[in-house]
Amino acid sequence: MKIIEIENGIKIENLEDFEPKHIFECGQCFRWNKQKDESYIGVYNSKVLKVYKKDNDVYFMNTNKDDFENIWAEYFDLDTDYKKLKSDLANMDEYLKKSVEFGHGLRILKQDIYEMMISFIISARNSIPNIKKTVERICEKYGQKIEEFEGKTYYAFPKPKDLAVITEEELKECKTSFRTKYIINTSKKIIEESLKLEELKELNDINLEDKLRAFDGIGPKVSNCIMLFAFYRKNAFPVDVWVKRVMEEFYLDEDMSLNKMKDYGMKLFNPYAGFAQQYLFYYARELGIGKKK
DNA sequence: TGTCAGGTCCTCA
DNA sequence: TGAGGACCTGAC
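All values derive from a computational prediction rather than experimental measurement.

Visitor: Lay out the overall build of chain A in plain terms, naming residues and giving numbers.
Guide: Check the secondary structure of chain A and you find 14 helices and 8 strands. Taken over the C-alpha trace, chain A has a radius of gyration of 19 Å; the compact-globule value for 293 residues is 19 Å, and the two agree within 12%. The principal-axis extent of the C-alpha atoms belonging to chain A is close to 50 × 45 × 40 Å. Counting every position in chain A, which comprises 293 residues, the buried fraction comes to 51%. Sequence separation of at least 24 residues holds for 68% of the intrachain contacts in chain A that already meet a minimum separation of 6. About 14,500 Å² of surface is accessible on chain A, with carbon and sulfur atoms providing 44% of the total. Once the 49 positive and 51 negative side-chain charges of chain A are each reduced to a mean point, those two points are 4 Å apart.

Written out as structure tokens, the structure reads:
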């Protein structure tokens, strides 16, 4: 991978397996927004980045070589060989083959732990546009201002200490509704127990899931999303309404509880259940598979 | 007006 | 274990 420095950014020529639309619209992140010129602007680690693809080259703007190498290469999982991964998945069965072809430029982002915890708590019984709006309101109200970029002010995601000290009434102004107490309780637990979220990376999958589910508002689905998108646990398998639909449409003849479906998926797609889930989710949601007419 | 959206929690059998 | 209801809000 050759990093070419350009004015206010860097360019990577012939970057394969990288489609901004697939990456940012597969439901794994809530802070990346499509611009009029088809580029995406997002925030991570108190940095604002603009990404777009032109021919086979990918441009990362408002950054520099140092930040790209130290922050963004890791964030975009650029060290992983997606060609091999996709080939392994495509060989498992015909539905995965179709899903992988459909979302060929998808990558799993390595995102912030606390941000994923709160964002996916908000995702419960909610729609993606609403989740994004709510997350944005929280950042504007409680996050640190980063910078003005292309006419918009960007804010970092707040820290646990910021949301642990506010009242439910106050947070509700961000339209967090019945999830308000979950957000505050989870933030309080982190502060009161002096938890270092980074240290949870040492835990194995089973203990990590137990630890996450001890937080208010984090159940089986949300914990697995956090494991996949913040801890990069390749075999986590979040079962949401779309994965349920695609599993029932393609893989199951019998009724199955969500819990059993999770175990079933993890065994079926081992050791890449998380990746399989993401390709299947994107395929199912974009095509409306299994959705009631 | 009713239904549904990337669920979780609580209660009860 | 797991089934069933409640839960905010916004969009269609």
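Visitor: Describe in detail the protein's contact with DNA strand B, supporting the description with residues and values.
Guide: Close contacts around DNA strand B come from 25 residues, with G27, G217, D240, R245 and Q277 the closest. Of all DNA strand B atoms lying within 4 Å of any protein atom, the proportion belonging to sugar or phosphate reaches 64%. At a separation of 3.3 Å, a base oxygen of DNA strand B approaches a polar backbone atom of C26. Take R125: an N or O atom from its side chain is 3.2 Å from a base nitrogen of DNA strand B. In terms of residue class, the surface near DNA strand B is made up of 12 nonpolar, 8 polar and 5 charged.

Visitor: Before we move on, can you summarise the side chain of H22 with the specific residues and values?
Guide: Inspection of the secondary structure puts H22 in helix α1 (residues 20–24). Note on H22: relative accessible area 9%, which makes it buried. Ignoring any residue separated from it by four or fewer positions in sequence, one finds H22 in contact with F102, G103, H104, G105, L106 and Y282.

Visitor: So, the sheet that holds strand β1 (residues 3–6): which residues are in play, and what are the values?
Guide: With antiparallel pairing, 6 strands are arranged side by side in an open sheet as β1-β2-β6-β5-β4-β3. Looking at the sheet topology across the chains shown, the edges are occupied by β1 and β3 (33–34). Pairing analysis gives 2 bridges linking β3 to strand β4 (residues 40–44), with the strands arranged antiparallel. Its bridge partner lying in β4, K34 is registered against Y40.

Visitor: Let's hear about the nonpolar core: which residues, and what values?
Guide: A general trend in soluble globular proteins is that nonpolar side chains are found buried together. Of all hydrophobic cores here, the largest spans 68 residues; its most connected members are I226, M247 and F269. No other element matches the 9 residues that helix α14 (residues 273–287) contributes to this core. Lining this core are residues from two domains, each supplying at least three of them: domain 2 (113–229) and domain 3 (241–287). One finds I23, Y40, F68 and Y75 within the second-largest nonpolar core, a separate group that totals 23 residues.

Visitor: Give me the lowdown on the domain arrangement of chain A, citing residues and values where you can.
Guide: We note that the domain assignment places domain 1 (3–79), domain 2 (113–229) and domain 3 (241–287) within chain A. Measuring from the centre of the C-alpha atoms in domain 1 to the corresponding centre in domain 2 gives 23 Å. In this assembly, 13 residues from domain 1 lie in contact with 19 residues from domain 2. Both sides of the domain 1 and domain 2 interface together cover about 1,500 Å² of buried area, and 61% of this is carbon and sulfur. Two residues, E136 and R31, come together in a salt bridge whose shortest N-O distance is 3.1 Å. Joining domain 1 to domain 2, the criterion identifies 6 residue pairs in polar contact (both at pLDDT 80 or more).

Visitor: Help me get a handle on helix α2 (residues 65–75), residues and values and all.
Guide: When we look at burial in α2, the residues that qualify are D67, F68, I71, W72, A73 and Y75. The secondary structure elements touched by the buried residues of α2 are β1, β2 (9–12), β4, β5 (47–54) and β6 (57–61). Residue N64 occupies the N-cap position of α2, its side-chain oxygen lying 3.1 Å from the main-chain nitrogen of D66. Downstream of α2 by a residue or two, D77 has a phi angle that is positive, lying close to 55°.

Visitor: Please provide a residue-by-residue account of the protein's contact with DNA strand C, values included.
Guide: In the vicinity of DNA strand C, the residues found are R125, N130, K133, K175, S177, F178, R179, S257 and K260. Near the protein, meaning within 4 Å, the atoms of DNA strand C are sugar or phosphate in a fraction of 67%, with bases accounting for the rest. Within the side chain of S177, an N or O atom sits 2.6 Å from a base oxygen of DNA strand C. The contact in question runs from a base oxygen of DNA strand C to an N or O atom on the side chain of R179, over 3.5 Å. Residue composition of the surface near DNA strand C, grouped by class: 1 nonpolar, 3 polar and 5 charged.

Visitor: Residues and numbers for the environment of G151, please.
Guide: Following the sequence through the fold, G151 ends up in the loop between β7 (145–149) and β8 (152–155). For G151, a relative accessible area of 79% puts it in the exposed group.

Basis of the calculations
- Residues numbered from 1 in each chain as written.
- Chains lettered and ligands numbered in written order.
- Predicted model: local features only at pLDDT ≥ 70, side-chain atom pairs only at ≥ 80, totals over all residues.
- Heavy atoms only, no water.
- Helix = DSSP H or I, 4+ residues; strand = E, 2+ residues; numbered from the N terminus.
- Rg over C-alpha atoms; globule rule 2.2 N^0.38 Å.
- Buried < 20%, exposed > 50% of the residue type's maximum accessible area, 1.4 Å probe, protein only.
- Contact = heavy atoms within 4.5 Å.
- Areas by Shrake-Rupley, 256 points an atom, 1.4 Å probe, with all protein chains shown as cover.
- Lys, Arg positive; Asp, Glu negative; His and termini not counted.
- Charge placed at Lys NZ, Arg CZ, Asp CG, Glu CD.
- Near = heavy atom within 4 Å.
- Polar contact = N/O pair within 3.5 Å; in protein donor to acceptor, adjacent residues only side chain to side chain.
- Nonpolar A, V, L, I, M, F, W, Y, C, P; charged D, E, K, R; others polar.
- Pairing = 2+ DSSP bridges.
- Core = buried A, V, L, I, M, F, W, Y, C linked by side-chain atoms within 4.5 Å.
- Domains from an automatic or database assignment.
- Buried area = accessible area lost by both parts, 1.4 Å probe.
- Salt bridge = Lys/Arg side-chain N within 4 Å of Asp/Glu carboxyl O.

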